[in-house]
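Examination of the molecular architecture
Chain by chain, the residues run as shown.
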Amino acid sequence: LPWDRNLVFFLEDRIGSDLKITCNFIHSFERVDQLISPGVSYSVTDNLKTSLSGDIFMGSRSGFFGQFADNRRLNFIASYAF
């Protein structure tokens, strides 16, 4: 069956030339668990860029994504190019 494995959804939206919003969503139909990975990137200047993203694991501890529920994370990155 085509829907017995995973559903993958990716969203990317640019708001102007400096701001970008992204979201990855994966749902496992077999184990009924999910991974949600939202993020936002902003170019402060041509050289300075920042990014904030996270990984959220949900579902049963015996599921593929649910087993990583204790490993949820939030990332902040700032980079400067010379």
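Attention in this report is confined to the structure presented alongside it. Being a predicted model, the structure only gives us computed values, none of them experimental. (Residues numbered from 1 in each chain as written. Predicted model: local features only at pLDDT ≥ 70, side-chain atom pairs only at ≥ 80, totals over all residues. Heavy atoms only, no water.)

Pairing is antiparallel in the open sheet, where 5 strands are placed in the order S1-S2-S3-S4-S5. If you trace the sheet from one side to the other, it starts and ends with strand S1 (6–15) and strand S5 (73–80), each paired once. Neighbour-to-neighbour, the strand axes of this sheet turn through a mean angle of 10°, independent of strand direction. (Pairing = 2+ DSSP bridges. Helix = DSSP H or I, 4+ residues; strand = E, 2+ residues; numbered from the N terminus. Axes fitted to C-alpha atoms, helices over the stretch in contact; angles between N-to-C directions.)

One pass over the full model with this rule turns up 3 salt bridges. The partner of Glu-30 in a salt bridge is Arg-5, with the nearest N and O atoms 2.6 Å apart. Here Arg-5 lies in the segment before S1 and Glu-30 lies in the loop between strand S2 (19–28) and strand S3 (33–43), a separation of 25 residues in the sequence. Residues Asp-55 and Arg-73 are paired through a salt bridge, measuring 2.5 Å at the closest nitrogen-oxygen approach. Of the two residues, Asp-55 sits in strand S4 (residues 48–58) while Arg-73 sits in strand S5, which places them 18 residues apart along the sequence. (Salt bridge = Lys/Arg side-chain N within 4 Å of Asp/Glu carboxyl O.)

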